[in-house]
Amino acid sequence: MRKGRNGVTMVGQVALVTGASRGIGRAVAEALSREGAAVVVNYRRSAEAALAVAQKIEQAGGAALAVQADVGTVAGCEALMAKAMDQFGRVDILVNNAGDALEKLLVDTSVDEWDRLMAVHMRSAYLLSRLALGSMAERRYGRIITVSSIWGISGASNEVAYSAAKAGQIGFTKALAQEVGPWGITVNAVAPGAIATDMNAGLTGDALAAWLDRTPVGRLGTAAEVAAVVRFLAGPGAGFITGQVISPNGGVVT
């Protein structure tokens, strides 16, 4: 396996990134690969895009495996982890990135919609972390990073279900960090603000102008900027950082 960009970072490690076919997940998968990690590229529907991510990593000299799995289900989480272990024998870095958006008033949010968001965001983090912890604890090393949202910190009108799911991820992160710290495992969350991805493609016109006006840096963030935070937290230099929420949001929430 090739050396990481800095020569000594994640060589020999395996990263599992959920929702890695596009946007932040793709940027994270590619960033970790550049540091020398083998990457499991999870996707739910976008097979062509996920295979393209894996192919790009392999063409650059890395190792990758694209795996279809709906992490909003128990069976999907279990199958994903099993395939990762069968292929690579370990998972050192787990990035819980998969997510769905929902912009609705609470009174218009159905029980099924609520449950789906909690499953994709919260239950998947619980299940995959639990599945990964055994081998991490045996090696006394691991990194669990969950991609939450600025709305998990401040909440957002018209996005109560999404905000609640993202806030739950933050509470999960803080509590799990305390449990597994003695095993050499760190657990952190990244809570991005508005990022220029497909999920925010509908942010245009007056809505975009209003958002930019309230953002001190005056622009949307990029997936690469979020991936840079994840890459740092996943690396050996972040061993004393755990239970934290880092929010690359351009200064909207401080």
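Everything that follows concerns the structure shown earlier in this document.
Criteria and thresholds
- Residues numbered from 1 in each chain as written.
- Predicted model: local features only at pLDDT ≥ 70, side-chain atom pairs only at ≥ 80, totals over all residues.
- Heavy atoms only, no water.
- 1 Å grid on protein atoms, 1.4 Å probe; cavity = no way out; pocket = protein on both sides within 12 Å on 5 of 7 lines; lining within 4 Å.
- Points joined across faces, edges and corners; volume = space filled by probe spheres on them.
- Nonpolar A, V, L, I, M, F, W, Y, C, P; charged D, E, K, R; others polar.
- Core = buried A, V, L, I, M, F, W, Y, C linked by side-chain atoms within 4.5 Å.
- Buried < 20%, exposed > 50% of the residue type's maximum accessible area, 1.4 Å probe, protein only.
- Helix = DSSP H or I, 4+ residues; strand = E, 2+ residues; numbered from the N terminus.
- Contact = heavy atoms within 4.5 Å.
- Salt bridge = Lys/Arg side-chain N within 4 Å of Asp/Glu carboxyl O.
- Axes fitted to C-alpha atoms, helices over the stretch in contact; angles between N-to-C directions.
- Parallel < 35°, antiparallel > 145°, perpendicular 65-115°, else oblique.
- Left-handed = near helix turned anticlockwise from the far one by under 90°.
- Pairing = 2+ DSSP bridges.

**What to know about the layout of surface pockets**
If a probe as big as a water molecule is rolled over the atoms, it shows which places are left empty. One number sums up the size of the second largest pocket: a volume of about 170 Å³. Every residue lining the second largest pocket is counted, 16 residues in all, and those nearest its centre are Gly 221, Glu 225, Pro 248, Asn 249 and Gly 250. For the lining of the second largest pocket, the per-class residue count stands at eight nonpolar, six polar and two charged.

**Description of the nonpolar core**
Within the largest apolar cluster, 32 residues are counted, with the highest numbers of intra-cluster contacts made by Val 28, Leu 32 and Val 95. Elements that contribute at least two residues to this core include exactly strand S1 (14-17), helix H1 (23-34), strand S2 (38-43), helix H2 (47-59), strand S4 (93-96), strand S5 (142-147) and helix H8 (223-234). Top contributing element to this core by residue count: H8, with seven residues. When neighbours within four sequence positions are excluded, Val 95 is seen to be in contact with Leu 16, Val 17, Thr 18, Val 28, Leu 32, Ile 145, Val 147 and Val 230. Ranked by size, the runner-up nonpolar core spans 27 residues in total, among them Leu 80, Met 81, Met 136 and Ala 177.

**Regarding the environment of Ala 31**
Looking at the secondary structure, you find Ala 31 in helix H1. When its relative accessible area of 1% is taken as the criterion, Ala 31 is described as buried. Each C-alpha atom of the pair Ala 31 and Leu 117 lies 27 Å from the other, and the pair is 86 residues apart in sequence. With sequence-adjacent residues up to four places away left out, Ala 31 is seen in contact with Ala 227 and Arg 231.

**With respect to the pattern of salt bridges**
Taken as a whole, this structure holds ten salt bridges when the rule is applied. Here the residues in one salt-bridge network are Arg 44, Asp 70, Asp 100 and Arg 116, joined through shared partners.

**Considerations on the packing of H1 against H2**
Two numbers describe a pair of packed helices, the interaxial angle and the distance between the axes. It is the contact of H1 with H2, at a shortest axis distance of 10 Å, that shows an interaxial angle of 15°. With respect to H2, the element H1 is oriented roughly parallel. The handedness of the crossing between H1 and H2 comes out as right-handed. Of the residues in H2, those touching H1 at Arg 26, Ala 29, Glu 30 and Ser 33 are Val 53, Lys 56 and Ile 57. Tallied by class, residues from the contact of H1 with H2 come to three nonpolar, one polar and three charged.

**Digging into the sheet that holds S4**
Sheet architecture is open: seven strands sit in the order S3-S2-S1-S4-S5-S6-S7, paired in parallel fashion. Two strands bound the open sheet, and with one partner strand each, they are strand S3 (64-68) and strand S7 (245-246). Sheet topology places S2 next to S3; five bridges connect them, and they run parallel. Of the residues in S3, the one forming a bridge with Val 40 is Leu 65. Sheet strands touched by H1: S1, S2 and S4. Its angle to S1, the strand with the most contacts, is close to 175°.

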